[in-house]
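This is what each chain is made of:
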Amino acid sequence: AAFKTGELVTLSYKDGHIIHKADNEAFAANNTVWSQARNAHFITDEGLYYKVLLDGGEIESRLNALPNKSEIYPIVQNNEHGIYAHRENIYRIDHENNYSTTVYSCKNRTFVTNPVFVDKTMYIGTQDGWIFCIHYGSKNVKWVVHTDGELTNDSLAIFENKLIVKTKSDSVFVFNREYVQ
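Below you will find a few notes about this structure. Owing to the predicted nature of the structure, the values given are computational and were not obtained by experimental measurement. (Residues numbered from 1 in each chain as written. Predicted model: local features only at pLDDT ≥ 70, side-chain atom pairs only at ≥ 80, totals over all residues. Heavy atoms only, no water.)

**Thoughts on the packing of aromatic side chains**
What characterises a pair of aromatic rings is the spacing of the ring centres plus the angle enclosed by the ring planes.
Then, number 1: With the rule as written, the count across this model stands at seven aromatic pairs.
Then, number 2: Centroid distance F111 to F132: 5.5 Å. Interplanar angle 65°. Geometry classified as edge-to-face. One end of the pair, F111, is in the loop between β10 (99-105) and β11 (116-118); the other, F132, is in strand β13 (residues 130-135), and 21 residues separate them in sequence. No difference in accessibility class separates F111 from F132, as the two residues are buried.
Then, number 3: One aromatic cluster is present, built from ring pairs that chain together Y104, F111 and F132. (Phe/Tyr/Trp six-rings, centres within 6.5 Å; stacked < 30°, edge-to-face > 60°. Helix = DSSP H or I, 4+ residues; strand = E, 2+ residues; numbered from the N terminus. Buried < 20%, exposed > 50% of the residue type's maximum accessible area, 1.4 Å probe, protein only.)

This is the structure:
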C-alpha cells in the first residue's frame, strides 16, 4: 500500500500484519505502486520515478521521468509494464537500467486513460475519445479509433478478445482487440 504521506507498506496476505515499511516524504506516489521482488516502483506527482527497497526504503534508483511536467495534465501509467503517459507523450521506463524512452507522441492530444495490456499490445485513450492500439516494443500503431465521447483514467478494460470502452457520459463501446476499421 502507498500513501500520500510517503509511506510504503507491505502487508501479509495471511493475517494483514506489516512485513516491510518505508517512510519518506519524497515517496508520495502519483498512482499505483508496482512491487517486484523486494522493490517498489512508482512515479510521484512531480514526475520523478523511484525504485526503492521495500524493507527500509533505500533508494535504488531515481529518474526525472517528466522534466516538463505540467500540473494541469494527468500522469497515467501501468508500472508493471513501465509505461506512463503525460500530455501527448507515452514513455517506457527501463526498470533495470534506469532510463526512459518515448514510445509514441501524438500532437494536440492528451492521454488520460490508464493503459491496458495484452502481451506487448497496449491500448490507451485520449481525453477527446481517441483509442490507440500500439505494440509498445516496436512502437508501431496497429489501429486508432474514435469513440465520440470523453474518456477518463478508468475508461478501458479487456474482456476476452474485446476492448471495452466506457466514456465519461457512461456510453459503452465494444471493439475487437485485433482490428478496428
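**What to know about the nonpolar core**
Then, number 1: Grouped together as the largest cluster of nonpolar side chains are 13 residues, with contacts concentrated most on I83, I90, V103, F111, M122 and I124.
Then, number 2: Those elements that place two or more of their residues in this core are β8 (83-86), β12 (121-125) and β13.
Then, number 3: Excluding its chain neighbours within four sequence positions, the residues that come into contact with I83 are V76, Q77, N78, I90, Y91, R92, V103, P115, F117, M122 and Y136.
Then, number 4: Of all hydrophobic cores here, the second largest spans twelve residues; its members include Y123, I131, V145 and F175. (Core = buried A, V, L, I, M, F, W, Y, C linked by side-chain atoms within 4.5 Å. Contact = heavy atoms within 4.5 Å.)

**Let's talk about the pairing of β13**
Then, number 1: In this sheet, β13 lies alongside β12 in antiparallel orientation, the contact comprising five bridges. Bridging from a neighbouring strand, M122 pairs with I134 of β13.
Then, number 2: In this structure, the hairpin formed by β12 and β13 is closed by a connection of four residues, where G129 is found at a positive phi of approximately 100°.
Then, number 3: For β13 and strand β14 (residues 140-146), the ladder comprises six bridges, and the chain directions are antiparallel. Bridge pairing in β14 links W130 to H146.
Then, number 4: Between β13 and β14, which pair antiparallel one after the other, the connecting turn spans four residues, and K139 there sits at a positive phi close to 70°. (Pairing = 2+ DSSP bridges.)

**Some thoughts on the pairing of β10**
Then, number 1: By the bridge criterion, six bridges tie strand β9 (residues 89-94) to β10 in an arrangement that is antiparallel. Counted as the bridge partner of N89 is S105 from β10.
Then, number 2: Connecting β9 to the antiparallel partner β10 that follows it, the hairpin turn spans four residues, and N98 within it adopts a positive phi of roughly 60°.

**Some points on the sheet that holds β13**
Then, number 1: Spatially, β11-β12-β13-β14 is the arrangement adopted by the four strands of the open sheet, whose pairing is antiparallel. Looking along the sheet, the strands with just one partner apiece sit at the ends: β11 and β14. Across the sheet, the mean angle separating the axes of adjacent strands is 20° when strand polarity is ignored.
Then, number 2: As judged from the three bridges shared by β11 and β12, these two strands associate in the antiparallel manner. If you follow V116 over to β12, its bridge partner there is Y123. (Axes fitted to C-alpha atoms, helices over the stretch in contact; angles between N-to-C directions.)

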